[in-house]
Amino acid sequence: MSEELFKAMTASVIDGEPEIAAELAKRAIDEGIEPLQAINQGFVIGVNEVGDRFSRGDMFLPELVAAGEAMKAAIAVLEPEMARQGTHRDILGKVVIGTVKGDIHDIGKTLVGTMLSASGFEVYDLGVDVPVEMFAEKAREVGADIVGLSALITTTMGKQRDVIEALDDMGLRPKVKVMVGGAPVTRDWAEEIHADGYSEDAVGAVIVAKQIVAQKVKTA
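Residues numbered from 1 in each chain as written. Predicted model: local features only at pLDDT ≥ 70, side-chain atom pairs only at ≥ 80, totals over all residues. Heavy atoms only, no water.

**A word on unusual backbone geometry**
Here the amide bond leading from Arg173 into Pro174 is cis, since omega sits at 5°, within 30 degrees of zero. Considering the arrangement of structural elements, one finds Pro174 in the loop between α7 (158-169) and β4 (177-181). Phi is positive for Asp129, close to 55°, though the residue is something other than glycine. Structurally, Asp129 is set in the loop between β2 (122-125) and α6 (132-142). (Helix = DSSP H or I, 4+ residues; strand = E, 2+ residues; numbered from the N terminus.)

What follows is the structure in structure tokens.
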């Protein structure tokens, strides 16, 4: 019975059905399935499959966004139950993300946050139009491993450099790594401002984040 439920959870994410995902999460709780088991054996498998299909060009951005919403809906149901039971997911690392000052684009940044959270990162999403200092202050407050900076217009890209300099000024670099992304952002720009990672999309951002934390563990 549980196997069929896990398959349905996986399908709800692949099909991008938040309401169905939430209902399946509630059903898992009602049937006494551990929330972590539901996440790892049901919903996360769907996220991984969507990521693979997106990377192959078999899925596109709207479907990726829908899958992210489904995963978020399931987690919203399961997290309170995990807290009630006193269980928690293994955290790969802590990530502070946001769209830089002067930029109010939200979809890409939110999707990255959702995919990172689904993949085992603890994500602190500061939203959009985030002041430079707020990134650095939040990173220090929560002991972040990574700060993720989104910029969707050319005129705000420079703020990514400003955040890196603010992290330097607060003595948080190189302990706190920086990932950058957004439509006008390139690998060359990331290297120019001394960012530690760059990705064109949310699936790639998860891969880069995992590489960064793995490297941090190695050099610790």
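That covers the picture; the talk isn't over yet.
**What to know about the side chain of Thr110**
Among the structural elements, Thr110 can be located in helix α5 (residues 107-118). Residues in contact with Thr110, not counting those within four places in the same chain, are Lys72 and Asp125. (Contact = heavy atoms within 4.5 Å.)

**Considering the pattern of salt bridges**
A complete count under the given rule lists twelve salt bridges for this structure. With a closest N to O distance of 2.7 Å, Glu81 and Arg84 form a salt bridge. Taken together, the residues Glu81 and Arg84, both in helix α4 (residues 61-85) and three residues apart, mark about one turn of the helix. Using a relative accessible area of 62% as the deciding quantity, one classes Arg84 as exposed. One salt bridge in this structure joins Lys109 and Asp106, with 2.8 Å as the shortest N-O distance. Taking relative accessible area as the criterion, Asp106 reaches 36% and is therefore assigned partly exposed. One salt-bridge network, held together by shared partners, links Asp106, Lys109 and Asp125. (Salt bridge = Lys/Arg side-chain N within 4 Å of Asp/Glu carboxyl O. Buried < 20%, exposed > 50% of the residue type's maximum accessible area, 1.4 Å probe, protein only.)

**Thoughts on the layout of surface pockets**
Here the largest pocket defines a volume of roughly 510 Å³. Around the largest pocket sit 28 residues that line it, and Gly108, Lys109, Val112, Gly182 and Glu200 are the ones nearest its centre. Secondary structure elements with two or more residues in the lining of the largest pocket: α4, β1 (94-99), α5, β3 (146-150), β4 and α9 (202-219). It is α5 that contributes the most residues to the lining of the largest pocket, six residues altogether. Grouping the constituent residues of the lining of the largest pocket by class yields 16 nonpolar, eight polar and four charged. (1 Å grid on protein atoms, 1.4 Å probe; cavity = no way out; pocket = protein on both sides within 12 Å on 5 of 7 lines; lining within 4 Å. Points joined across faces, edges and corners; volume = space filled by probe spheres on them. Nonpolar A, V, L, I, M, F, W, Y, C, P; charged D, E, K, R; others polar.)

**Concerning the packing of helix α1 (residues 2-14) against helix α2 (residues 18-30)**
Their axes nearest at 9 Å, the elements α1 and α2 cross at an angle of 155°. Classified by the angle their axes make, α1 and α2 are roughly antiparallel. Relative to α2, the crossing made by α1 is left-handed. Residues Leu5, Ala8, Met9 and Ser12 of α1 form the contact with α2, whose participating residues are Ile20, Ala21, Leu24, Arg27 and Ala28. Counted by class, the contact of α1 with α2 contains seven nonpolar, one polar and one charged residues. (Axes fitted to C-alpha atoms, helices over the stretch in contact; angles between N-to-C directions. Parallel < 35°, antiparallel > 145°, perpendicular 65-115°, else oblique. Left-handed = near helix turned anticlockwise from the far one by under 90°.)

**A short note on the sheet that holds β4**
In spatial order, the strands read β2-β1-β3-β4-β5; together these five strands make up an open sheet with parallel pairing. This sheet does not close on itself; its edge strands, each paired only once, are β2 and β5 (197-198). As judged from the five bridges shared by β1 and β3, these two strands associate in the parallel manner. When the bridges of β3 are listed, Val96 appears paired with Val147. Where α6 meets the sheet, it contacts β1, β2 and β3, and its direction lies at approximately 165° from that of β1. Running at roughly 160° to β3, α7 makes contact with β3 and β4 of the sheet. (Pairing = 2+ DSSP bridges.)

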